Amino acid sequence: MDFLQPPGWARPRGYSNGVAASGRMVFVSGMIGWDGQGVFHSDDFAAQVRQALLNVVAVLAEAQARPEHIVRMTWYVLDKREYVAAYKEIGAAYREIIGKHFPAMTAVQVAGLVEDRARVEIEVTAVVPA
């Protein structure tokens, strides 16, 4: 996996500008903040991010993939201000669950998610080396 950083560009914080990888591709659907039985345990944004990340890791494990194989994450959030206000808690959960691995990421504020209680949805692409 090669992290792409054009010469002279400022280093991004918490993500990479791009990633080049080869191997077996794994695509994870958007994961939200409920558990494996579809039950929400919190309406707190950071708590839902934590659960969504745990869900991502659980799905990756089914493909014998790990967090360090993630090449791209897309975050869909209902409220940008809520997302920004929770940076510290999100960062702690991210480091605990994903580690110090920072793939290409995009965060988008959306008008709504399919599940009414969901505050965030995270989809992932991973590449497991051949």
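Values in this document were obtained by computation on a predicted structure and should not be read as measured data.

Peer 1: Just give me the short version of the sheet that holds strand S6 (residues 120-128), but keep the residues and values in it.
Peer 2: Spatial ordering of the open sheet is given by S3-S6-S4-S5, a layout of 4 strands whose pairing is mixed. Each edge of the open sheet is held by one strand with a lone partner, namely strand S3 (24-31) and strand S5 (104-109). Mean inter-strand twist for the sheet, computed between neighbouring axes without regard to direction, equals 10°. As defined by bridge partners, strand S4 (residues 70-77) adjoins S6 across 7 bridges and the pair is classed as antiparallel. Bridge pairing in S6 links arginine 72 to threonine 125. Sheet contacts for helix H1 (residues 45-62): S3, S4 and S6; angle to S6, the most-contacted strand, approximately 30°.

Peer 1: Any details on unusual backbone geometry? Residues and values, ideally.
Peer 2: A positive phi angle, close to 55°, is found at glutamine 64, a residue other than glycine. For glutamine 64, a relative accessible area of 59% corresponds to the exposed category.

Peer 1: Go over H1, please, and point to the residues and values.
Peer 2: Between the first and last C-alpha of H1 there are 26 Å, a value that for 18 residues agrees with the 26 Å anticipated at 1.5 Å per step. By the N-cap criterion, in which a side-chain oxygen at the helix start approaches the backbone nitrogen of a residue two or three places on, H1 is capped by aspartate 44, the distance to alanine 46 being 3.3 Å.

Peer 1: So what's going on with the layout of surface pockets? Which residues, and what values?
Peer 2: In this structure, the largest pocket encloses a volume near 500 Å³. Lining of the largest pocket is provided by 14 residues; of these, Arg13, Gly14, Tyr15, Tyr83 and Tyr87 occupy positions nearest its centre. Elements supplying a minimum of two residues to the lining of the largest pocket: helix H3 (87-97) and S5. By residue number, the principal contributor to the lining of the largest pocket is H3, which donates 5 residues.

Peer 1: I'd like to hear about the packing of aromatic side chains, residue by residue, with values.
Peer 2: Scanning the entire structure with this criterion turns up 5 aromatic pairs. Aromatic pair phenylalanine 45 and tyrosine 83: ring centres 6.2 Å apart, planes at 75°, arrangement edge-to-face. Of this pair, phenylalanine 45 sits in helix H1 while tyrosine 83 is found in helix H2 (residues 80-85), placing the two residues 38 residues apart along the sequence. Side by side, phenylalanine 45 and tyrosine 83 carry an identical accessibility label, which is buried.

Peer 1: Give a description of the packing of H1 against H3 that names residues and reports values.
Peer 2: In the contact formed by H1 and H3, the axes pass within 9 Å of each other and the chain directions differ by 20°. In terms of axis orientation, H1 runs roughly parallel to H3. Read as a crossing pair, H1 and H3 show a hand that is right-handed. The segment H1 lies against H3, with Phe45, Ala46, Val49, Arg50, Leu53, Leu54 and Val57 engaging Glu89, Ile90, Ala93, Tyr94, Glu96 and Ile97. Partitioning the contact of H1 with H3 into residue classes produces 10 nonpolar, no polar and 3 charged.

Analysis parameters
- Residues numbered from 1 in each chain as written.
- Predicted model: local features only at pLDDT ≥ 70, side-chain atom pairs only at ≥ 80, totals over all residues.
- Heavy atoms only, no water.
- Pairing = 2+ DSSP bridges.
- Helix = DSSP H or I, 4+ residues; strand = E, 2+ residues; numbered from the N terminus.
- Axes fitted to C-alpha atoms, helices over the stretch in contact; angles between N-to-C directions.
- Contact = heavy atoms within 4.5 Å.
- Buried < 20%, exposed > 50% of the residue type's maximum accessible area, 1.4 Å probe, protein only.
- Expected span 1.5 Å × (residues − 1).
- Polar contact = N/O pair within 3.5 Å; in protein donor to acceptor, adjacent residues only side chain to side chain.
- 1 Å grid on protein atoms, 1.4 Å probe; cavity = no way out; pocket = protein on both sides within 12 Å on 5 of 7 lines; lining within 4 Å.
- Points joined across faces, edges and corners; volume = space filled by probe spheres on them.
- Phe/Tyr/Trp six-rings, centres within 6.5 Å; stacked < 30°, edge-to-face > 60°.
- Parallel < 35°, antiparallel > 145°, perpendicular 65-115°, else oblique.
- Left-handed = near helix turned anticlockwise from the far one by under 90°.
- Nonpolar A, V, L, I, M, F, W, Y, C, P; charged D, E, K, R; others polar.

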